[in-house]
Amino acid sequence: MRKLALSDEILLSVEKPARYIGGEINMWVKDPKAVDIRFCMCFPDVYEIGMSHLGIQILYDILNRREDTYCERVYSPWVDLDRLMREKDIPLFALESQDPIKEFDFLGITLQYEMCYTNILQVLELSKIPIYAKDRTEDDPIVIGGGPCSYNPEPIADFFDLFYIGEGEAAYNELLDIYKECKSAGKSKRQYLEQVAQIDGIYVPAFYDVEYNDDGTIKRFLKNYENAPDRVKKQVEMKLSEAYYPTRPLVPFIKTTQDRVVLEIQRGCIRGCRFCQAGMIYRPTRERDVEYLKKCAFEMLSSTGHEEISLSSLSSSDYSKLQELVYFLIDEFGSKGVNISLPSLRIDAFSLDVMSKVQDIRKSSLTFAPEAGSQRLRDVINKGLTEEAILGGATEAFQSGWNRVKLYFMMGLPTETEEDIEGIAVLSDKIAREYYEIPKDQRQGKVSVVVSTSFFVPKPFTPFQWCRMDTPDEYIHKQKLLRSKINEQLNRRSIKYNWHGAEISELEGVLARGDRRLSKVIYDAYRLGCIYDSWSEHFDYDKWVKVFDENGISIEFYNCRERDENEVFPWDIIDAGVSKSFLIREYHRAKKGVVTPNCRMLCYNCGAKKFGGGVCVEIQEAANEG
Amino acid sequence: MKARLKFQKYGAMKFIGHLDVMRYFQKAFRRAGYDSEYSKGFNPHQIMSFAAPLGVGLTSDAEYVDIGLITCESPETMVKNINGVLSDGFYVTGFHILSEPEENEKKTTAMSLVSSADYLVSLKDGYSLDGIVSKESFQDLFNNFYGKQDIIIRKKTKKNDMDVNIRPMITMVSFDEMSYNKGLRDCLADISKPIYNEQYHFIESDSKAEVYENDIKVYMQLDTGSASNLKPELVMEAFCNENGIFFNPYAWQIHRLEIYTRDEMSGKLISLDRLDK
């Protein structure tokens, strides 16, 4: 029988002990003594969130297909177990072998959102690994960071030995092969880092020092190891169409956020919304082969027993074989009780037909993400969705029997005025009016329009990376304004308004565009007890404000400042494919309210063409043929 | 068709709660490639009924779930194939096809049949009981406790506290496997082995109850089900209170050995795997 790291008494006194026992269906079982490399993959949030992440499932499989490597998993212990582990001095362990993480060769941490940064420190500390990379010895695991937040790794640079910039399929094997070589040659960690720094995508922060100007901005990056690259070029898997996809994903015992088969149909997005980081850093857009996806869907459903399959991509409607794939799934699995879910789908005749086949119209709601309330502002952010399309889609949906609509907006977008905010209320009201245009005998009760707003956070590698961000006070003013504008609408009783907290967004803004000086702030916040900051019930704004003050670091410097176009950014060390000149061009077009066509319509030379594949090559081929 | 599955739950799987076990078996049937019956409507779910939910932390040799199947193979193949898709800690030991209810006959569920269950309660290693040093002294004290006419405990209900006599709900106590089996012979209905092989398949599997060095343990048969229900934890708490011993709920490993229904005619017990409804 498998041994467990925690005693019965501890497991029975914490919430959801299944978070900590491993043993899930499709878990890899290996003899840790029979492998050369022990790798622990970490998602620094609670199990149910971390287990739902597709990237880890892919890497878990890639690494475990190597005979010389055993890749295991760890997630942040929830606050109840966190307390017990500190009290009883229990080291953090991996789920598979239940062995302490300290014994591993690598600890790989995925960085999906900024608000998980204090949880990284929790994982390191509970593992008894020194929090600062400089304090680690040859006996400590090598700590790797990856994922979207690694595109600006600077605020957490001091905690990591290296960052892997880009897609894991591309270079992880090389990283491990070199490790094995170094290990058998008795080389030091430093020698290993020097060697892997030569691989594209590997950023070793210790090889660079940062010089600052008097005004607090960055003067330059100085290499302290001469062979370190000047810029770190992101890794991309260019053969995505046939790139291996894990068909035996883990099946957790407890309900997780993603309790279903997830099929990644494409990577990247052709749309180029100017606020969206994912749309920039995952360029070029690459599709997976539809026949391969059909095969994967079949294998994944039978290896997991899941009752639902979900298509994953940034914009499913842009996948060229979407209709073929979706109708295949419905025909093949619909009769077997398999539910098909289609997030990020444009509302049109096709999607309404599909949804009426796979969902209960009475229970499901339609989701639109206009992001901004006026056409002017939607042009600024390059969100192609027009009012006509929204109202048309809503009308069609209402006629087919839907009566619930969800609308997502951002507030605080660049150039936003009070008219734009009022536009959110007006648009919501217009949608409700469309509903009451339908003859009464054909309506299904009342309409419900749920409006949600989040606060815009400028992100690195987007055209808005130079923008000033609103303060929480400005946000709250805008939110109150919208509230009152909604109350002025005819259909105000049909409109429900939800909003996100402004203070979390403020901190997210600082961490997103911050520099190395923030490591100390994050460390101090963690020492004060900050953890699970993305959970509103655990987020403690006052503590964060306190540590910023104590460190003499101003939030306004990072958030409330329009950056100069010549300013050196902390993330300039990374080459994400899209060029700075493209982003500046886009920023200028945004200010003028000029939209940029999507990648399939016209290439605007963002820089991703140099990867030599995906949509960049497809449109060139199409042009040559035409 | 309706079928009843008997399985063991042990090891780390004792931390998986009842609702998650239900979801687990729904997925397991799909992995094994069997189509099950679905409830009607837009949110169809597999028709599944568990005999008696097992609490988190408890292990068991005899869990029962009834399921409606559209596709099915021989019981022997079913046992083999389902075991092929389960993880360590779940093990199917029996499968039998239930007879369809006659017209006018009420449909029964596994849950509604349950009236009694056997448990083995053991003191885990690493825990001690104040004042009890040997298994002999534990057995003496437990015999005294069981020998009483009334064992009154205060049961908390939603509205108020209530005194309940739990003694009549304990129908058998013994301290080793031999006397437990002997006791069983007296209270079980005499049912000959299943006749129809195409309807039944059972495997002999060793008990998955954890064995502890201290050997302080007690077998007991308790009322279980909707009519009268007594949890083994409550018995141990009453026993500890009676003897002035601090009751530590984590100190005891509770293991379910069997679940029964009571034959209305003879008053004898029949384990759920011997029933064809």
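As the structure is a computational prediction, the values presented were derived from the model and not from experiment. (Residues numbered from 1 in each chain as written. Chains lettered and ligands numbered in written order. Predicted model: local features only at pLDDT ≥ 70, side-chain atom pairs only at ≥ 80, totals over all residues.)

Once that is clear, we can look at the overall build of chain B. Tallying secondary structure elements over chain B gives 6 helices and 12 strands in all. Across its three principal directions, the C-alpha atoms of chain B cover 55 × 40 × 40 Å. A total of 277 residues make up chain B; the buried ones form 36% of that total. Long-range pairs, those at least 24 residues apart, make up 76% of the contacts in chain B between residues at least 6 apart in sequence. (Helix = DSSP H or I, 4+ residues; strand = E, 2+ residues; numbered from the N terminus. Buried ≥ 20, exposed ≤ 12 C-beta atoms within 10 Å, placed from the backbone. Contact = placed C-beta atoms within 7 Å.)

For chain A, the count of helices and strands is 21 helices and 19 strands. Across its three principal axes, chain A shows a C-alpha extent of roughly 75 × 65 × 60 Å. Here chain A, with 626 residues, has 47% of them falling under the buried criterion. Restricting the contact set of chain A to residue pairs at least 6 apart, pairs at least 24 apart contribute 77%.

Attention shifts here to the packing of helix α3 (residues 54–64) of chain A against helix α6 (residues 168–184) of chain A. Residues and elements named next belong to chain A. Put simply, α3 and α6 touch, their axes get as near as 10 Å, and they point 35 degrees apart. For the element pair α3 and α6, the recorded crossing hand is right-handed. In contact with Gly55, Ile58, Leu59, Ile62 and Leu63 of α3, α6 contributes Gly168, Glu169 and Tyr172. For the contact of α3 with α6, the per-class residue count stands at 5 nonpolar, 2 polar and 1 charged. (Axes fitted to C-alpha atoms, helices over the stretch in contact; angles between N-to-C directions. Left-handed = near helix turned anticlockwise from the far one by under 90°. Nonpolar A, V, L, I, M, F, W, Y, C, P; charged D, E, K, R; others polar.)

Our next topic: the domain arrangement of chain A. All names here are of chain A. Assigned domains within chain A: domain 1 (8–233), domain 2 (260–357 + 596–626) and domain 3 (360–517 + 553–563). Computed from C-alpha coordinates alone, the two centres of domain 2 and domain 3 are separated by 25 Å. Between domain 2 and domain 3, the residue contacts involve 16 residues of the former and 20 residues of the latter. The element contributing the most residues to the side of domain 2 that touches domain 3 is helix α11 (residues 349–358), with 4 residues. (Domains from an automatic or database assignment.)

Residue and element names in this part refer to chain A. Pairing in this open sheet of 4 strands is parallel, and the strands run β15-β16-β17-β18 from one edge to the other. Of all the strands in the sheet, just β15 (366–371) and β18 (495–499) have a single pairing partner and so form its edges. Each strand axis lies, on average, 20 degrees off the axis of its neighbour in the sheet, ignoring direction. Both strand β16 (residues 404–411) and strand β17 (residues 448–455) contribute to a ladder of 8 bridges, which runs parallel. Bridge assignment links Met410 to a residue of β17, and that residue is Ser454. (Pairing = 2+ DSSP bridges.)

Attention shifts here to unusual backbone geometry. Residues and elements named next belong to chain A. The amide bond that connects Arg283 to the next residue, Pro284, takes the cis arrangement and shows omega of -5 degrees. Secondary-structure assignment places Pro284 in the loop between α8 (278–281) and β12 (286–287). For Glu371, which is not glycine, the phi dihedral falls at a positive 65 degrees. Within the secondary structure layout, Glu371 lies in strand β15. On the neighbour-count criterion, Glu371 (24 C-beta atoms within 10 Å) is buried.

Attention shifts here to the pairing of β18(A). Residue and element names in this part refer to chain A. Relative to β18, β17 runs parallel, the two being bridged by 5 bridges. When the bridges of β18 are listed, Val450 appears paired with Lys496. Once the chain exits β17 it traverses helix α15 (residues 472–487) before rejoining the sheet at β18, and the crossover so formed is right-handed. (Right-handed = clockwise from strand over helix to strand, strands pointing away.)

Quick look at the pairing of strand β4 (residues 142–146) of chain A now. Residue and element names in this part refer to chain A. A large share of β4 lies buried, amounting to 5 of its 5 residues. Because side chains alternate across β4, one face comprises the buried residues Ile142, Ile144 and Gly146, and the other comprises Val143 and Gly145, equally buried. Relative to β4, strand β3 (residues 106–110) runs parallel, the two sharing 5 bridges. Bridge pairing in β4 places Ile109 opposite Gly145. Since β3 and β4 lie parallel, the crossover through helix α5 (residues 117–126) that links them has a hand, and here it is right-handed.

All names here are of chain A. Taken N-terminus to C-terminus, the directions of α15 and helix α16 (residues 502–512) make an angle of 140 degrees; their axes are 9 Å apart at the nearest point. The orientation of α15 relative to α16 falls into the category oblique. Between α15 and α16 lies a crossing whose hand is right-handed. Contacts between α15 and α16 pair Pro472, Tyr475 and Ile476 from the former with Ala502, Glu503 and Glu506 from the latter. Here the contact of α15 with α16 is composed, by residue class, of 4 nonpolar, no polar and 2 charged. (Parallel < 35°, antiparallel > 145°, perpendicular 65-115°, else oblique.)

A word on the environment of Val354(A). Residues and elements named next belong to chain A. Relative to the elements of secondary structure, Val354 occurs in helix α11. Under the C-beta neighbour-count criterion, Val354 is labelled partly exposed, with 19 such atoms within 10 Å. The residues contacting Val354, other than those within four sequence positions of it, are Val326 and Leu342.

Residues and elements named next belong to chain A. The residue Gly509 is located in helix α16 in this model. Judged by local crowding, Gly509 falls into the buried class, with 24 C-beta atoms found within 10 Å. Those residues in contact with Gly509 that lie beyond four places of it in its chain are Val457, Pro458, Met469, Tyr558 and Asn559.

What follows concerns the nonpolar core. In this structure, Cys40(A), Val74(A), Leu107(A), Ile120(A), Phe160(A), Leu162(A) and Tyr203(A) are the most contacted members of the largest nonpolar core, which totals 177 residues. In contact with Val74(A), not counting residues within four places along its chain, are Cys40(A), Cys42(A), Leu92(A), Ala94(A), Leu95(A), Ile101(A) and Val123(A). Core analysis: the second largest hydrophobic core is formed by 41 residues, Phe138(B), Val235(B), Tyr260(B) and Leu269(B) among them. (Core = buried A, V, L, I, M, F, W, Y, C linked by C-beta atoms within 7 Å.)

Now for α5(A). Residue and element names in this part refer to chain A. In terms of residue burial, α5 counts as a mostly covered element, since 9 of its 10 residues are buried. Turning to α5, its buried residues number three or more, namely Tyr117, Thr118, Asn119, Ile120, Leu121, Gln122, Val123, Leu124 and Leu126. Buried residues along α5 sit in contact with β1 (37–43), β2 (69–75), α4 (79–88), β3, α16 and α17 (518–527). Directly beyond the C-terminal end of α5, a positive phi value near 65 degrees is found at Lys128.

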